[in-house]
Amino acid sequence: MTDAGTPAAAVRMQGIVKEFPGVIANDHVDFELRAGEIHALLGENGAGKSTLMTVLAGLYKPEAGNIAIHGKPVQFGSPRDAMNSGIGMIHQHFTLISTQTVTENILLGLDVPGFLIRLREYDQTMLELGRKFGMAISPSAKIWQLSVGEQQRVEILKMLYRGVDILIMDEPTAVLAPQEISGLIATLRSMAADGKSIVFISHKLNEVMSVADRVTVLRQGKVTAAGMPVKQTSIPELARLMVGRSVTFAVDKPVKTPGAVLLELKDVCANNDKGLPALKDVTLQVRAGEIVGVAGVSGNGQSELAEVITGLRGTTGGTITSGNHQLANKSARVAIESGVAHVPEDRSRVGTAPNLSITDNLIMKAYRQAPLANGWSLNYGLARKNAQELKKNYAILAPTIETSVRLLSGGNIQRTILARELSGKPAILIAMQPTRGLDVGAIEGVQQLLLQQRSADAAVLLSSEELDELIALSDRIVVMYEGRIVGEVSQPSEKDIEQIGLWMTGGAHE
Amino acid sequence: MNDAIVYRSRMPFAIKIEPRMSVPRWLGPVVNIAAVVVALLLGMVILAVVGGDPFATYAHIAQSAFGDRYVFSDTLVKATPLILVGLGCSLAFRMKLWNIGAEGQLYIGALCASACVLTGFITPATPQVLALALMMAAGMLGGALWGLVPGFLKARLGLNEIIITLMMNYIALALVNFFVFAVWSEGGFAQSKTFPRNAWLPRASEYAATFDFLSGLTTHWGIVIALVAVVIMWYVISRSRWGYEIRLTGDNPRAANYAGMPIVRNTILVMMVSGALAGLAGMSEISGVVHRLQGTISPGYGFTGIIIAWLSKLNPFAVVLSSILFGGLILAGREIQPSGIPRLIQGMILFMLIASDVLLRYRVRIVRTR
Ligand SMILES: Nc1ncnc2c1ncn2[C@@H]1O[C@H](COP(=O)(O)OP(=O)(O)OP(=O)(O)O)[C@@H](O)[C@H]1O
Ligand SMILES: [Mg+2]
């Protein structure tokens with residue numbers, strides 16, 4: 001089946017059509033993955049990337065189209081069929097069993113160890129397999145002891161051990177800290193050098209430019225660029241192909257003098273879930289019309305900082321004031337009623353009720369007050385009317401407002417949360433990783449929304465792992481390390497990156 | 001996203017189970033009805049195997065439960081406590097609180113309602129409306145108390161409400177037995193003296209003088225109370241702010257916490273309301289049917305309520321239909337020998353319902369393996 005001497009592609013998908021009620025997620029999509037290449041799959045939120053790869057991994061059956069693996073036509077009835085053809089997919093949320101060891105997780109579901117299990121011997125195998133692709137692991141560690149990056153390595157090893165030679169990774173870098181990202185990229189490179197083919201879904205264009213050999217772009221279920229070598233393209237071109245218009249990466253932040261102090265933390269201390277100190281004497285002010293960025297490697301107290309302000313976590317010392325409201329050790333309700341809006345880090349587990357409709361999810365914060373509240377009852381008619389408007393204004397892509405939030409793509413869940421939090425005209429906005437997992441067009445939109453809040457004289461506390469983003473948006477940046485604020489820059493610019501990076505990693509602070 | 005499971009066999013096909021991403025609106029009711037039908041068919045098979053005539057038996061069940069207005073009225077009498085208990089269970093289940101203590105809550109409701117009469121608080125001279133209102137309040141209060149205990153333990157200490165509600169059923173039964181044997185026993189029997197007429201919920205037949213067609217019907221005011229409760233429950237669940245909190249908390253407690261909803265308070269309240277409805281069912285039984293406190297009030301209404309809540313997918317109006325179906329089965333149980341047959345069908349319906357849930361959550365397909 002090889003045409004004209006060129007070796008058959010590792011994967012060739014042709015004319016794939018996959019429909020869901022109300023949307024065509026894949027509309028006659030062609031996709032080709034060559035052996036030994038890293039192929040990036042790009043596209044807006046809801047463009048159909050995950051769907052296409054889920055079809056390839058045998059989880060969805062397409063309505064039309066055919067798939068050939070190494071030139072051989074196949075039809076997958078299940079993920080196991082796909083696995084037998086050497087295809088493995090790593091989803092964004094992992095499927096590891098947290099109380100078992102690394103080795104046990106890798107062997108899980110295989111018939112290999114037979115009846116007698118000598119795990120020690122397998123530990124050695126895993127260690128070597130990891131080493132071959134530059135992944136340091138400890139085979140006898142339990143999964144719950146591992147960081148997200150380490151867990152991801154276990155997922156990769158699981159695939160490698162099963163003999164996968166076509167690996168699909170759905171937004172693998174969205175959950176990683178910057179150092180972990182470079183480790184992952186090195187691993188992917190060495191796997192590609194070993195002849196394995198990799199599909200890499202990402203929203204981070206600079207990452208795509210540096211890792212991928214070729215890129216395929218989807219927009220609204222259709223291909224807008226097929227297998228384009230990255231050397232022949234540029235970030236602005238990719239952005240245009242994704243969203244269908246040109247995207248300005250420069251953020252236009254008008255000059256503005258901050259107003260009164262709206263949020264003030266004094267010597268705040270708090271513990272994390274394990275009861276260990278996570279915030280140590282944090283003192284911070286946010287003024288009206290000011291965006292204060294919080295930089296830091298994840299896990300250095302940023303989440304706890306957001307939680308103490310929004311009433312989700314108690315403090316062990318210090319005060320938090322907003323105007324004449326005390327917020328420390330109060331409830332989430334007090335925070336909400338004092339005008340604090342919160343875009344949480346974990347959008348599906350904290351920010352939404354997945355089986356309820358978009359409408360129900362949009363009224364989570366406002367249902368207590370008139371006009372939605374009407375005595376004991378809730379004005380669902382008005383709720384639906386508002387939901388229609390928000391769906392339009394915030395471009396939430398979904399068949400109807402009655403759709404369960406669970407069925408939305410990651411980016412559209414985020415828009416739903418933003419629509420809810422920002423439409424309440426908050427005095428204080430705590431935005432945690434608000435652009436994570438969003439496409440470039442959407443990121444631009446979210447950044448505009450944050451700046452609008454600034455213009456509307458809200459006090460914005462913004463936490464992001466993208467330093468560029470923090471620098472572009474913030475009027476001030478504070479850096480957190482091990483629960484303390486270890487540094488601060490006003491009017492940050494590109495040239496501060498080095499200093500911020502040093503602070504983030506615990507480097508000496510002057 | 002979970003992987004699909006494939007069961008292979010030596011046959012040229014395999015059964016494939018994959019998670020459903022979305023459930024079409026019509027599928028729920030269809031699967032439910034199918035489950036009931038399959039259970040009935042299986043019942044026929046069993047009847048045939050043990051040597052009975054399945055068609056005659058079913059015809060007899062239908063005849064003795066829905067055959068004419070007299071037996072239908074009896075069916076409604078059985079359906080009345082089922083509706084109330086089913087409503088209570090569905091409210092708790094909405095919030096994923098597994099209250100299986102409705103039976104005990106029903107008994108305590110009955111106990112408290114009778115106490116009003118048996119302690120002499122209500123005398124034959126008390127106006128009937130007042131007497132009944134007092135008994136209703138007492139019954140609901142008793143049931144609410146029996147729901148408050150597990151609700152509090154769950155909300156404050158994180159204890160498992162399934163075990164606590166289950167255990168409290170036995171305590172409730174023992175308590176009622178204590179009172180009927182030791183305190184209010186009538187001539188040494190396990191029952192109290194009959195209540196005075198003003199503590200009876202009037203039966204339909206009492207209105208026969210005005211409405212001819214009501215003569216001889218045993219249905220009592222309890223059914224009206226139950227139907228009012230249905231409408232109120234519908235309003236609470238799908239129109240009120242409290243119902244919204246319950247739905248959201250049931251779906252994702254962490255989101256409810258993030259939205260500032262009072263989860264602890266609602267857990268306790270929902271358990272109390274759930275218990276109060278079961279308590280009201282107990283009051284309606286002693287005041288509308290047996291007219292005295294006795295050791296056996298309910299043939300397991302509290303447990304059947306769980307099946308009913310499940311069968312009606314927590315929808316208050318569907319609770320009414322399911323209750324009438326099950327009320328008919330209970331009634332037929334007295335007519336059919338051996339009397340276990342309707343119980344068997346009941347059990348089978350629950351079994352099929354739980355099994356059919358797989359069909360809602362997963363897509364099951366038979367695929368050819370070349
Ligand atoms: N199981 C499903 N049922 C209904 N609609 C679905 C389902 N899965 C996906 N969709 C819809 O199909 C479209 C494509 O979704 P998909 O998850 O493939 O997007 P994506 O490109 O991965 O987006 P993102 O970058 O936000 O993850 C979206 O409109 C989504 O709402
Ligand atoms: Mg996706």
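Residues numbered from 1 in each chain as written. Chains lettered and ligands numbered in written order. Predicted model: local features only at pLDDT ≥ 70, side-chain atom pairs only at ≥ 80, totals over all residues. Heavy atoms only, no water.

1. A look at the overall build of chain A
Operational definition: To qualify as a helix, a DSSP run of H or I must reach at least 4 residues; to qualify as a strand, a run of E must reach at least 2; elements of each kind are numbered from the N terminus. Every radius of gyration here is taken over C-alpha atoms, with the globule rule written as 2.2 Å times N^0.38, N being the number of residues. A 1.4 Å probe rolled over the protein chains alone gives each residue an accessible area, and that area as a share of the maximum for its type sets the label: buried under 20%, exposed over 50%, partly exposed in between. Contact between two residues is taken to exist if any of their heavy atoms lie within 4.5 Å; hydrogens are not considered. Each accessible area is a Shrake-Rupley estimate made with a 1.4 Å probe; only the visible protein chains count as cover when residues are assessed.
Of regular secondary structure, chain A possesses 17 helices and 22 strands. For chain A, whose C-alpha radius of gyration is 24 Å, the value lies close to the compact-globule estimate of 24 Å for 510 residues. If you line up chain A on its principal axes, its C-alpha atoms span 75 × 50 × 50 Å. Here chain A holds 510 residues, and 54% of them are scored as buried. Put simply, 66% of the contacts in chain A that link residues at least 6 apart link residues at least 24 apart. A total of about 21,800 Å² of accessible surface is found on chain A, and carbon and sulfur atoms cover 51% of it.

2. Re the interface of chain A and chain B
Note the following rule: Once two parts are put together, the accessible area they lose, assessed with a 1.4 Å probe and summed over both, is termed the buried area. When a carboxyl oxygen of Asp or Glu lies within 4 Å of a side-chain nitrogen of Lys or Arg, that pair is called a salt bridge.
With 44 residues of chain A at the interface, the matching set in chain B holds 30 residues. Interface area, chain A with chain B, both sides summed: about 3,100 Å², of which 54% is carbon and sulfur. Per-residue buried area on chain A facing chain B is highest for L59, Y367 and Y380 of chain A; these three make up 17% of the total on that side. Run the count over chain A and chain B and you get one salt bridge. Between D360 of chain A and R247 of chain B there is a salt bridge whose closest N-O contact spans 2.8 Å.

3. Some remarks on the sheet that holds strand β1 (residues 11-20) of chain A
All names here are of chain A. Put simply, the rule is: Any two strands with at least two DSSP-identified bridges between them are counted as paired. The axes are straight lines fitted to the C-alpha atoms, using for helices just the contacting stretch, and the angles between their N-to-C directions are given from 0 to 180°.
Ordered in space as β2-β1-β4-β5, the four strands form an open sheet in which the pairing is antiparallel. Two strands close off the open sheet at either side, each with one partner strand: β2 (23-33) and β5 (72-74). Here the average twist between neighbouring strands, direction ignored, is 30°. Against the sheet, helix α1 (residues 49-56) touches β1, β2 and β4 (64-69), its axis set at about 120° to β1.

4. Considering the domain arrangement of chain A
Residues and elements named next belong to chain A. What counts is decided by this rule: Note that the domain bounds reflect an automated or database-derived domain assignment. In the analysis that follows, any N or O atom pair within 3.5 Å is treated as a polar contact, provided that within protein one partner can donate a hydrogen and the other can accept it, and provided that, for residues neighboring in sequence, both atoms belong to side chains. Residues are grouped as follows: Ala, Val, Leu, Ile, Met, Phe, Trp, Tyr, Cys and Pro are nonpolar; Asp, Glu, Lys and Arg are charged; all remaining types, including Gly, are polar.
According to the domain assignment, chain A consists of domain 1 (9-243), domain 2 (248-339 + 426-510) and domain 3 (349-425). Using only C-alpha atoms to locate each centre, domain 2 and domain 3 end up separated by 25 Å. With 15 residues of domain 2 at the interface, the matching set in domain 3 holds twelve residues. Among the salt bridges present, the one from D439 reaches R415, with a minimum N-O distance of 3.9 Å. Scanning the region where domain 2 abuts domain 3 turns up one residue pair in polar contact (both at pLDDT 80 or more). Those elements that place two or more of their residues in the side of domain 2 that touches domain 3 are α10 (332-337) and α15 (440-455). Element by element, the count of residues in the side of domain 2 that touches domain 3 is highest for α15, at four residues. Here the residues of the side of domain 2 that touches domain 3 sort into nine nonpolar, three polar and three charged.

5. Notes on helix α4 (residues 102-118) of chain B
Just so we agree on the cut-off: One fewer than the residue count of a helix, multiplied by 1.5 Å, yields its expected span.
Here α4 of chain B contains 17 residues, and its C-alpha end-to-end distance of 24 Å stays within 8% of the 24 Å for a straight helix at 1.5 Å per residue. Counting buried positions over the 17 residues of α4 of chain B gives 15, a clear majority of the element.

6. What about a nonpolar patch on the surface?
All names here are of chain B. So the rule is basically this: Every patch collects residues that have over 30% relative accessible area and no salt bridge, joining them within 9 Å if they carry like charges and within 5 Å if they are nonpolar side chains (Val, Leu, Ile, Met, Phe, Trp, Tyr).
Taken together, V38, L42, V45, I46, V49, V50 and L344 make up a surface patch of nonpolar side chains, about 570 Å² in accessible area. With five residues, the single largest contributor to the nonpolar patch is helix α1 (residues 27-49). With respect to the secondary-structure elements, L344 resides in helix α13 (residues 340-361). Residue classification places L344 among the partly exposed residues on the basis of a relative accessible area of 32%.

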